[in-house]
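# A structural walkthrough
Residue strings, one per chain:
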Protein chains: 2
Amino acid sequence: MNNPALKFENDTVYILDQTLLPHQKKYIRIQDAEAAFEAIQALRIRGAPAIGIMAAYTMYITARKYKDDDFILFRKKLDHTYHYLIECRPTAVNLAWALNEMRSLFMDESSSSVSETIKAMKIRAISIHKTDAEACRQMGFNGLDILPNPCRIITHCNTGSLATGGWGTAMGVIYAAVEKGWDIHVFVDETRPLGQGGRLTFWELQQNRIPCTLITDSTAAFLMKQKRVNSVIFGADRIVANGDVANKIGSYSLAVAANYHQIPVFVAAPTSTFDRSLENGDMIPIEQRDSKEILQIYGYDNNLFVHNDVYNPAFDITPADLITAIVTERGVIKKPFQKTINQLFKQI
Amino acid sequence: MNNPALKFENDTVYILDQTLLPHQKKYIRIQDAEAAFEAIQALRIRGAPAIGIMAAYTMYITARKYKDDDFILFRKKLDHTYHYLIECRPTAVNLAWALNEMRSLFMDESSSSVSETIKAMKIRAISIHKTDAEACRQMGFNGLDILPNPCRIITHCNTGSLATGGWGTAMGVIYAAVEKGWDIHVFVDETRPLGQGGRLTFWELQQNRIPCTLITDSTAAFLMKQKRVNSVIFGADRIVANGDVANKIGSYSLAVAANYHQIPVFVAAPTSTFDRSLENGDMIPIEQRDSKEILQIYGYDNNLFVHNDVYNPAFDITPADLITAIVTERGVIKKPFQKTINQLFKQI
């Protein structure tokens, strides 16, 4: 798998600047918390797992800068960085989780010295990165228990090496099929309005020489009608207790069309994506994005229009009854999801 | 209805340059066949009926230029113009139809003089324009027999005053509802990949102060799930004997989603859109557009990729069983379409 979202080499963090894709493949060095903050805000790096990993490394390289400080000052400065970074993207669960992992180390009263703490932070950051990559890999191979082969699959948004610390979630299953020599062809939704499918997934598949075809979102149903696809897979931003799935806008539309054509719908997500505190999908808050995001595409001036209105949700909810199976790093679960999700978490 | 696609004023043809929308509203004068040809090729004017009407006027203004020629030379020059224009867009049926209407006049051996022929051509061009506008208007009011009120309707692509000689087909029904004071709100699909919904329909609705909301194509199903819409309407490029409908890519996806949510799907098209020579939709050729049209959006260089592939059909087929009713200028027809389409044409 080529072109990871981030690399840690020679004690240095590099990220692939995704704003330059597909024009230019350029890794930039993240030297401090300010650079990390800017990279997240400007979408140079995106995808909840990838952001969390970069934040962990950023805490380590920041700690290294303060190596000559006394322990109290060291903690104070790092806590400042922690609060600075955690506010960068409040909705990304992995960012807060990774930062809290790092904070538990530098706030640990039992640690012997600043230098020991810095060493522990490096080990932890690498471990967070490695664990994510392993979960992706396991998820990928688990997916092969359920995908058809030959596989003609539609995927939505970007869930691959550009979004995680490994080869991805839904894309991870595709990479696993490729590694096992399956006969696979991937149809990539462009994924409006920001085009993460067209701009990132299509690029990622091309770079890895995986046979693929780019389509507009509204071509998917027509492709199904022609019997040119036999499966659908996408990731998840949140999966609740009954198996309802929040994911990038357009996932629901795909699932409805697949259901009409009797094509299975797979969701791939690590167990960290499950939120069993919510009963059903209606309880998941849906982020509404700025209308300018779409109006600007067509060159509209916001002030020009009397009845100016855009409905631009970033996510939608796919109800559990439209989902065939959910692929996790701990295995594949099927209906009834209420029961199988509970069983999944009892394994721990 | 503001901003018609074309105007004929003071013996002069003006078209709204649609390539400048929504930034600038500018009418340009069509002075000769070369300008008309260029305007069609560059998509300054589009929509099969609108193109046909402009071609008819162009034949008239060209004829006027040759008013001092003898009849034989006059015919020869006009026939040259006829062949020049008919090749501009071979798939648009209305273009050929309108040009043939005009040709029957200047090739008419029984006409008394060049000046009489020019007069007849002017009258015919105006008549083609007026007849199209009247058909649109009748279609619009016929649609009110079947649309719900209050009406929360999704429409796709551009079928309004920018595409026809009147207020449009599917959009005509919307204009009729507005004229009758209905409680109507229009949801406009952006209509990928060229965005005729986002760029033209949304602009047209705003200009006419009709309450509307722009959405991405893949948001439509989610909107239906939330019970925020109660109907879908789109136009047609061809309707065959069994009622299957070819229309802009994404129409099928909308119809599938509407079917899942038990929302009625209406198609609005003049009887000239019916092609009873084809039994079913599988027989309709689907125009495939250049992959560059989509690759360029994301800045891909065609040469960069090994597995470069884009599936970019301009149209899809919605089977008759997903269509609730077809609205024409002669009335509204319902299932079984095989039978009702035959009855529609027996009325003549």
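Structure report, in brief. What you see is a predicted model, and the numbers here were worked out from it, not measured in a lab.

Each helix and strand in chain A was counted, giving 11 helices and 14 strands. Taking 348 residues into account, the globule formula puts the C-alpha radius of gyration at 20 Å, and chain A, at 21 Å, falls close to it. In terms of overall dimensions, chain A has C-alpha extents of about 65 × 55 × 40 Å along its principal axes. Buried residues in chain A amount to 59% of all 348 residues. Taking as baseline every contact in chain A between residues at least 6 positions apart, the subset at least 24 positions apart corresponds to 74%. Surface exposure of chain A reaches about 13900 Å², of which carbon and sulfur atoms provide 48%.

Residue and element names in this part refer to chain A. With respect to the secondary-structure elements, glycine 235 resides in the loop between β7 (231–234) and β8 (238–240). Sequence separation between glycine 235 and glycine 299 is 64 residues; the distance between their C-alpha atoms is 32 Å. The contacts of glycine 235, once residues within four sequence positions are left out, are Thr159, Thr169, Ala170, Val245, Asn247, Val267 and Ala268.

Let us look at the environment of alanine 241 of chain B. Residues and elements named next belong to chain B. Note on placement: alanine 241 falls in the loop between β8 (238–240) and β9 (245–248). Its relative accessible area of 11% is what places alanine 241 among the buried residues. Taking C-alpha positions, alanine 241 is 21 Å from asparagine 142, a pair spaced 99 residues apart along the chain. In this structure alanine 241 touches Asp275, Arg276, Leu278, Glu279, Phe337, Gln338 and Ile341, once residues within four positions along its chain are discounted.

Each partner contributes to the interface: chain A provides 59 residues, whereas chain B provides 58 residues. Carbon and sulfur atoms supply 62% of the area buried between chain A and chain B, which totals about 5100 Å² over both sides. At the boundary of chain A and chain B, one finds two salt bridges. With its nearest N and O atoms 2.6 Å apart, the salt bridge here joins arginine 192 of chain B to glutamate 190 of chain A. Along the contact surface separating chain A from chain B lie 22 residue pairs in polar contact (both at pLDDT 80 or more). At the level of secondary structure, the elements contributing two or more residues to the side of chain A that touches chain B comprise α7 (196–207), β6 (212–215), α8 (220–225), α9 (251–260), α10 (292–295) and β12 (315–318) of chain A. Its residues assigned to classes, the side of chain A that touches chain B shows 31 nonpolar, 18 polar and 10 charged.

We now examine the relation of the copies chain A and chain B. Overlaying chain A on chain B yields an RMSD of 0.1 Å, the required transformation being a rotation through 180 degrees with an accompanying axial translation of 0.0 Å. With respect to symmetry, the two chain copies, as superposed, fit the operation of a two-fold axis.

Okay, the sheet that holds strand β4 (residues 151–155) of chain B next. All names here are of chain B. Spatially, seven strands are ordered β6-β5-β4-β7-β10-β13-β14 in an open sheet, and the strand pairing comes out mixed. Taken across any chain shown, the strands that pair with only one partner, and hence form the sheet edges, are β6 (212–215) and β14 (331–333). Here the average twist between neighbouring strands, direction ignored, is 25 degrees. Sheet analysis places strand β5 (residues 184–189) next to β6, joined by four bridges and oriented parallel. Opposite aspartate 189, over in β6, you have isoleucine 215 as the bridge partner. Sheet strands touched by helix α7 (residues 196–207): β4, β5 and β6. Its angle to β5, the strand with the most contacts, is close to 160 degrees.

All right, on to the pairing of strand β1 (residues 6–9) of chain A then. Residue and element names in this part refer to chain A. The two faces of β1 differ: Leu6 and Phe8 on one face are buried, but Lys7 and Glu9 on the other face are not. In the sheet, β1 pairs with strand β2 (residues 12–16) via four bridges, with the strands oriented antiparallel. Opposite leucine 6, over in β2, you have isoleucine 15 as the bridge partner. Between the end of β1 and the start of β2, which pair antiparallel, lie two residues, with asparagine 10 showing a positive phi angle near 50 degrees.

So, about the packing of aromatic side chains. Going through the model one piece at a time under the given rule, you end up with 16 aromatic pairs over all chains. Here phenylalanine 202 of chain A and tyrosine 300 of chain B contribute two aromatic rings whose centre-to-centre distance is 5.4 Å and whose plane-to-plane angle is 90 degrees, an arrangement assigned as edge-to-face. In this pair, phenylalanine 202 of chain A sits in helix α7 while tyrosine 300 of chain B sits in the loop between α10 (292–295) and β12 (315–318), so the two residues belong to two different chains. Comparing phenylalanine 202 of chain A with tyrosine 300 of chain B, the two get one shared label, buried. Pairing phenylalanine 8 of chain B with tyrosine 57 of chain B gives two aromatic rings, centres 4.4 Å apart and planes at 15 degrees, and the pair type is stacked. One end of the pair, phenylalanine 8 of chain B, is in strand β1 (residues 6–9); the other, tyrosine 57 of chain B, is in helix α2 (residues 48–65), and 49 residues separate them in sequence. The buried category is assigned to tyrosine 57 of chain B, whose relative accessible area is 2%.

All names here are of chain A. Strand order in this open sheet of four strands is β11-β8-β9-β12, and the pairing throughout is mixed. A single partner strand is all that each edge strand has here, and the edge strands are β11 (274–275) and β12. By the bridge criterion, two bridges tie β8 to strand β9 (residues 245–248) in an arrangement that is antiparallel. Directly across from isoleucine 239, in β9, lies its bridge partner valine 245. Relative to the sheet, α9 contacts β9 and β12, its axis offset from that of β12 by approximately 35 degrees.

Before going further, it helps to spend a moment on helix α2 (residues 48–65) of chain A. For α2 of chain A, spanning 18 residues, the distance from its first C-alpha to its last is 26 Å, which sits close to the expected 26 Å at 1.5 Å a residue. Taking burial as the measure, the 18 residues of α2 of chain A include 15 buried ones, the bulk of the element.

Rules behind the numbers
Just so you know, the residues in each chain are numbered from 1, in the order the chain's sequence is written. Here the convention is simple: chains get letters from A, ligands get numbers from 1, in the order in which they are written. With pLDDT at 70 or above as the cut-off, local features in this predicted model cover only qualifying residues; side-chain atom pairs require 80 or more to be listed or tallied, and sums for whole chains, interfaces and linings still use all residues. Hydrogens and waters are ignored; side-chain quantities use all the structure's heavy atoms. A run of H or I in DSSP becomes a helix once it reaches four residues, and a run of E becomes a strand once it reaches two; helices and strands are each numbered from the N terminus. Just to be clear, the radius of gyration here is over C-alpha atoms, and the globule rule we use is 2.2 Å times residues to the power 0.38. Residue burial is assigned from relative accessible area. The probe radius is 1.4 Å, only protein chains are included, and a residue is buried under 20% of its type maximum, exposed over 50%, and partly exposed in between. By definition in these notes, contact holds between two residues if any of their heavy atoms fall within 4.5 Å. Where accessible areas are quoted, they stem from the Shrake-Rupley method and a 1.4 Å probe; at the residue level, only the protein chains shown are allowed to cover. The quantity reported as buried area is the accessible area (1.4 Å probe) lost by two parts once they are put together, taken as the sum for both. The salt bridge criterion pairs a side-chain nitrogen of Lys or Arg with a carboxyl oxygen of Asp or Glu, the two atoms within 4 Å. Pairs of N or O atoms are called polar contacts if they sit within 3.5 Å, as long as, within protein, a hydrogen donor faces a hydrogen acceptor (for residues adjacent in sequence, only side-chain-to-side-chain pairs). Any residue outside Ala, Val, Leu, Ile, Met, Phe, Trp, Tyr, Cys, Pro, Asp, Glu, Lys and Arg is labelled polar, Gly included; the first ten of those are nonpolar and the last four are charged. The copies were overlaid with a least-squares fit restricted to C-alpha atoms from residues scoring a pLDDT of at least 70 in each copy. Whether two strands pair depends on DSSP finding at least two bridges between them. Fitted lines through C-alpha atoms serve as axes, helices being fitted only where they are in contact, and the angles separating the N-to-C directions of these axes extend from 0 to 180 degrees. Ring pairs are drawn from Phe, Tyr and Trp, using the six-membered ring of Trp, whenever the two centres fall within 6.5 Å, and their geometry is named by plane angle: stacked under 30 degrees, edge-to-face over 60, tilted for the rest. To estimate how far a helix should extend, the number of its residues minus one is multiplied by 1.5 Å.

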